[in-house]
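Observations on the model geometry
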Amino acid sequence: MIVYFNGQFIPKENVGISPDDRGFLFADGVYEVIRVYHGQLFQADRHWQRLARSLGELRMDGLDLEIFGQIAGRLLDENHLDNSDALIYIQITRGAAPRQHAFPGQETPVTIYAAASPFTPSPEKMERGVKIILMPDIRWARCDIKTVALLPNVLAYQQARDGGAEEAVFVRDGAITEGTHSNFAAVFAGQLVTYPQSHYILAGITRAVVLDLCRELNIPANEFPIFEKDLPHADEMMLLSTASEITPVAQVDHWQVGNGKPGPITQKLQQAFRKLVD
Ligand SMILES: Cc1ncc(COP(=O)(O)O)c(C=O)c1O
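What you see is a predicted model, and the numbers here were worked out from it, not measured in a lab. (Residues numbered from 1 in each chain as written. Predicted model: local features only at pLDDT ≥ 70, side-chain atom pairs only at ≥ 80, totals over all residues. Heavy atoms only, no water.)

Side note on the overall build of the protein chain
Along the backbone of the protein chain there are seven helices and 16 strands. What you see for the protein chain is a C-alpha radius of gyration of 19 Å, in line with the 19 Å of a compact globule of 278 residues. The C-alpha extent of the protein chain, read off along each of the three principal axes, is 55 × 40 × 35 Å. Of all 278 residues assigned to the protein chain, the portion counted as buried reaches 49%. In the protein chain, of all internal contacts separated by at least 6 residues, the share reaching a separation of at least 24 is 70%. When the accessible area of the protein chain is evaluated, it comes to approximately 13700 Å², of which 52% is carbon and sulfur surface. (Helix = DSSP H or I, 4+ residues; strand = E, 2+ residues; numbered from the N terminus. Rg over C-alpha atoms; globule rule 2.2 N^0.38 Å. Buried < 20%, exposed > 50% of the residue type's maximum accessible area, 1.4 Å probe, protein only. Contact = heavy atoms within 4.5 Å. Areas by Shrake-Rupley, 256 points an atom, 1.4 Å probe, with all protein chains shown as cover.)

See the structure below:
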């Protein structure tokens, strides 16, 4: 596999990252994951904007983000993925410097890594729906920054997998925020509800696309906290993410959502999403 590392396209096994890299020492870095359908980047501008924002929040401004479109294109090319479904992964850290909490000097270059890998979606999960578990949201209060500091997400997701579930969805102050690597939405009496864009969730690109589709399809949508106690009254629930697109939730912990099948609004949004991708 050919990857991008600090200005060069090289075999992945030749990448050498310093043990002094602040990504390794402090999780001092950000990342993006972009979906590629048939060789085309999906919603690339939104991803670049989010990456720029994440970098800005870490006070790592000044990178020319234009290069990432070109890097992604070349990675698809080099790895013969120009007509394939793939994922582009990009990570930028504050670079390598002797370990101390304070930022290193301006002369320290950032570390940039990017890779393209083939991606095979899982249509049966999108058709049948998945099980989720609910977990306390023990993350920090800047979940809007897409940092590589993902330990609470990793621990919660492992608990989901251990319990035979596809995702762990966080609950903060009684409200459902988002999943470990997805946003969450539910349908109450024909209205789609999802946690407000704030410091407590990542501004998901799929979530933004779904809100656009709701406007187009005249589906009422409301960015409002859903309280855990109200969840059993939801008619439909879905997970939204770059990799899993719109995945219906069929089961929460030990109880079934609705009749356990994807509901009409979920299906309508899935169809519209497919049309947009095609
Ligand atoms: C915590 C979290 N929330 C939401 C999402 C969904 O975002 P997107 O639709 O941009 O993939 C992700 C994606 O990885 C995530 O990690």
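What to know about unusual backbone geometry
For Asn-218, which is not glycine, the phi dihedral falls at a positive 55°. The residue Asn-218 is located in the loop between α6 (205-216) and β12 (221-223) in this model. Notably, Asp-253 is not glycine yet its phi reads approximately 50°, a positive angle. Summarising the element assignment, Asp-253 is placed in the loop between β15 (245-252) and β16 (255-256). Judged by its relative accessible area of 25%, Asp-253 is partly exposed.

Observations concerning the site of the ligand
The local shell around the ligand holds 16 residues, among which Arg-50, Glu-178, Ile-205, Thr-206 and Thr-242 are the closest. Here Lys-146 contributes a side-chain N or O atom positioned 3.3 Å from an oxygen atom of the ligand. Contact with the protein chains hides 92% of the accessible area of the ligand, taken as 390 Å² for the molecule alone. Counting only elements with at least two residues in the shell around the ligand, the list comes to β9 (175-179), α6 and β14 (236-241). For the shell around the ligand, the per-class residue count stands at four nonpolar, nine polar and three charged. (Near = heavy atom within 4 Å. Polar contact = N/O pair within 3.5 Å; in protein donor to acceptor, adjacent residues only side chain to side chain. Nonpolar A, V, L, I, M, F, W, Y, C, P; charged D, E, K, R; others polar.)

Let's talk about the packing of α6 against helix α7 (residues 264-277)
The description of two packed helices rests on the angle between their axes and on the distance between the axes. Where α6 contacts α7, the two axes come as close as 10 Å, and the packing angle between them is 105°. By the angle class used here, α6 and α7 are roughly perpendicular. Across the interface between the two elements, Thr-206, Val-209, Val-210, Leu-213 and Cys-214 from α6 touch Leu-269, Ala-272, Phe-273 and Leu-276 from α7. Split into classes, the residues belonging to the contact of α6 with α7 amount to eight nonpolar, one polar and no charged. (Axes fitted to C-alpha atoms, helices over the stretch in contact; angles between N-to-C directions. Parallel < 35°, antiparallel > 145°, perpendicular 65-115°, else oblique.)

Considerations on the pattern of salt bridges
Scanning the model with the defined rule gives 17 salt bridges in all. The partner of Glu-245 in a salt bridge is Arg-35, with the nearest N and O atoms 3.3 Å apart. In this pair, Glu-245 is assigned in strand β15 and Arg-35 in strand β3 (residues 29-37), connecting sequence segments 210 residues apart. Neither residue differs from the other here; Glu-245 and Arg-35 are each classed as buried. Here Arg-215 and Asp-212 are joined by a salt bridge, their closest N and O atoms 2.8 Å apart. Of this pair, Arg-215 and Asp-212 both sit in helix α6, three residues apart, roughly one helical turn. The class for Asp-212 is partly exposed, based on a relative accessible area of 25%. One network of salt bridges, with partners in common, ties together Arg-53, Glu-57, Arg-142 and Asp-144. (Salt bridge = Lys/Arg side-chain N within 4 Å of Asp/Glu carboxyl O.)

Examining the domain arrangement of the protein chain
Size of an interface, as often reported, equals the accessible area lost when the parts are brought together. Each assigned domain of the protein chain is listed here: domain 1 (2-118) and domain 2 (123-277). Look at where the C-alpha atoms of domain 1 and domain 2 centre, and you get two points 26 Å apart. Counting from both sides, the interface comprises 21 residues of domain 1 and, opposite them, 22 residues of domain 2. Together domain 1 and domain 2 conceal approximately 1800 Å² of surface at their shared face, both sides included; 62% is due to carbon and sulfur atoms. Considering only the surface of domain 1 that becomes buried against domain 2, Tyr-31, Arg-46 and Arg-50 emerge as the three largest contributors, covering 33% of it. At the boundary of domain 1 and domain 2, one finds four salt bridges. Of the charged contacts, one joins Asp-212 and Arg-46 as a salt bridge, the two residues approaching to 2.9 Å between their closest N and O atoms. Every element with two or more residues in the side of domain 1 that touches domain 2 is listed here: β3, α2 (44-57) and β5 (86-93). Among the elements that line the side of domain 1 that touches domain 2, the one with the most residues is β3, at eight residues. Each residue belonging to the side of domain 1 that touches domain 2 can be placed in one class, and the counts come to 10 nonpolar, five polar and six charged. (Domains from an automatic or database assignment. Buried area = accessible area lost by both parts, 1.4 Å probe.)

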